[in-house]
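Chain by chain, the residues:
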Amino acid sequence: MPRLHRALALVGLLLLSHNAYAQKLRLVADGWPPFTDSTLVNGGLATDIVSTALARAGYATDFEQVPWARAMLGIGEGRYDVLVNAWYSEERTHVGQFSAEYLLNRVRFLKRKDAPIEFDNLPQLYAYPIAVVRGYAYSKAFDEDQKMQKVPVHNFAMAVRMLAADRVKLTLEDEYVARYYLARESAKVRNAVEFLPKPLSENSLHILVSLKNPQHEQIVAGFDREIAAMKADGSYARLLKQHGM
């Protein structure tokens, strides 16, 4: 009997181990190229990093792209396990557990290369018309500053073309997003502009794992461990390069 008990216990442990490894996590995000977009290779840069790290931690994944409000609601209700692209907020800790930072979003100004514009503080920029995308939030200070000469446009592509044509003096965008769209512009536009060194704002990017998933602590711990390992072994940098970053 003792041998039988040991055998049964071993089988049970193996089954538990297999079930943990086989658990398929439901990833979700809205469309936000180059980070998350179902039309991009492996779902975009952030989706690729997240799914790779989770695979290394022993989790299979499925990815679904839905509008942001539906993604957040799904995390809160447990219909999804992992929100791929979340900025930290206290409110979101009531529905999910945040990982450590795995990417850094930096909003940076762009100017024409021949323009002698410097940026250390917002008042330095009051004299310049700045193309901004309607509805975007860049930073609280910038968004609420009534002295900024903001020129609303439909998207970043329009903003950077206006900048290259000298119809505005500045525009701004998340650095990764800007590089993604600049790579798709003509050489004339791409070579006419450059980033100002100092970022306007920085936001760390995390996964948010639904508290409805009973394994949320283990998922976050495994993800954080594998992101650190990927940075150490060079695979993280290779993914950035593969996505043109």
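About the cut-offs
Residues numbered from 1 in each chain as written. Predicted model: local features only at pLDDT ≥ 70, side-chain atom pairs only at ≥ 80, totals over all residues. Heavy atoms only, no water. UniProt positions renumbered as here; feature names shortened; annotations may be inferred. Helix = DSSP H or I, 4+ residues; strand = E, 2+ residues; numbered from the N terminus. Buried < 20%, exposed > 50% of the residue type's maximum accessible area, 1.4 Å probe, protein only. Contact = heavy atoms within 4.5 Å. Salt bridge = Lys/Arg side-chain N within 4 Å of Asp/Glu carboxyl O. 1 Å grid on protein atoms, 1.4 Å probe; cavity = no way out; pocket = protein on both sides within 12 Å on 5 of 7 lines; lining within 4 Å. Points joined across faces, edges and corners; volume = space filled by probe spheres on them. Domains from an automatic or database assignment. Nonpolar A, V, L, I, M, F, W, Y, C, P; charged D, E, K, R; others polar. Buried area = accessible area lost by both parts, 1.4 Å probe. Arc of directions from axis to C-beta.

As annotated in an unreviewed UniProt entry, the protein chain carries the name Transporter substrate-binding domain-containing protein and is attributed to Pseudomonas viciae. Per UniProt, the comment on the protein chain under Sequence similarities (unreviewed entry) is "Belongs to the bacterial solute-binding protein 3 family."

### A word on the environment of M148
As for its position among the elements, M148 is in the loop between α4 (140-144) and β7 (149-153). Given a relative accessible area of 6%, M148 falls into the buried group. Taking the C-alpha atoms as reference points, M148 and Q124, separated by 24 residues in sequence, lie 9.9 Å from one another. Not counting chain neighbours up to four residues away, the residues in contact with M148 comprise L122, L125, Y126, I130 and F142.

### Notes on the pattern of salt bridges
Per the stated rule, a full pass over the model turns up 14 salt bridges. In this structure, E175 engages R108 in a salt bridge whose closest nitrogen and oxygen atoms are separated by 3.1 Å. Placement of the pair is E175 in helix α6 (residues 175-182) and R108 in strand β5 (residues 103-112), with a sequence separation of 67 residues. Of the two residues examined, E175 and R108, each falls in the buried class. For R161, the salt bridge goes to E185, with nearest N and O atoms at 3.0 Å. Here the residue R161 occupies a position in helix α5 (residues 156-164), and E185 occupies one in the loop between α6 and α7 (187-190), the gap between them amounting to 24 residues. Assessed through its relative accessible area of 46%, R161 is described here as partly exposed. Owing to a relative accessible area of 10%, E185 belongs among the buried residues under this scheme.

### A word on the layout of surface pockets
Summary: where empty space remains is shown by rolling a probe the size of a single water molecule over the atoms. Roughly 390 Å³ of internal volume is contained in the largest pocket. Counting only elements with at least two residues in the lining of the largest pocket, the list comes to β3 (82-87) and β8 (170-174). At three residues, β3 tops the list of elements feeding residues into the lining of the largest pocket. When residues of the lining of the largest pocket are assigned to domains, at least three map to each of domain 1 (23-103 + 203-243) and domain 2 (105-202). Of the voids in this model, the second largest pocket is the one considered here, and its volume is about 320 Å³. Along its surface, the second largest pocket is lined by 19 residues, and Y180, R184, H243, G244 and M245 are the ones closest to its centre. When residues of the lining of the second largest pocket are traced back to their parent elements, those giving at least two are α6 and β9 (193-210). Here the lining of the second largest pocket is composed, by residue class, of 10 nonpolar, four polar and five charged. Each of domain 1 (23-103 + 203-243) and domain 2 (105-202) gives at least three residues to the lining of the second largest pocket.

### Some details on the domain arrangement of the protein chain
Interfaces are often sized by the accessible area lost when the parts come together. Domain boundaries assigned for the protein chain yield domain 1 (23-103 + 203-243) and domain 2 (105-202). For domain 1 and domain 2, the distance between their C-alpha centroids amounts to 28 Å. Facing 12 residues of domain 1, the contacting portion of domain 2 comprises eight residues. Surface buried jointly by domain 1 and domain 2 totals about 840 Å² across both partners, of which 61% is contributed by carbon and sulfur atoms. Applying the counting criterion to the domain 1 and domain 2 interface returns zero salt bridges.

### Some thoughts on helix α3 (residues 68-77)
Within the span of α3, buried status applies to A71, M72, G74 and I75. Viewed end-on, α3 has its buried residues packed into an arc of 160°, placing them on one side of the element. Looking at the buried positions of α3, the neighbouring elements they touch are β1 (24-29), β3 and β9. Following α3 by one or two positions, G78 adopts a phi angle in the positive range, close to 85°.

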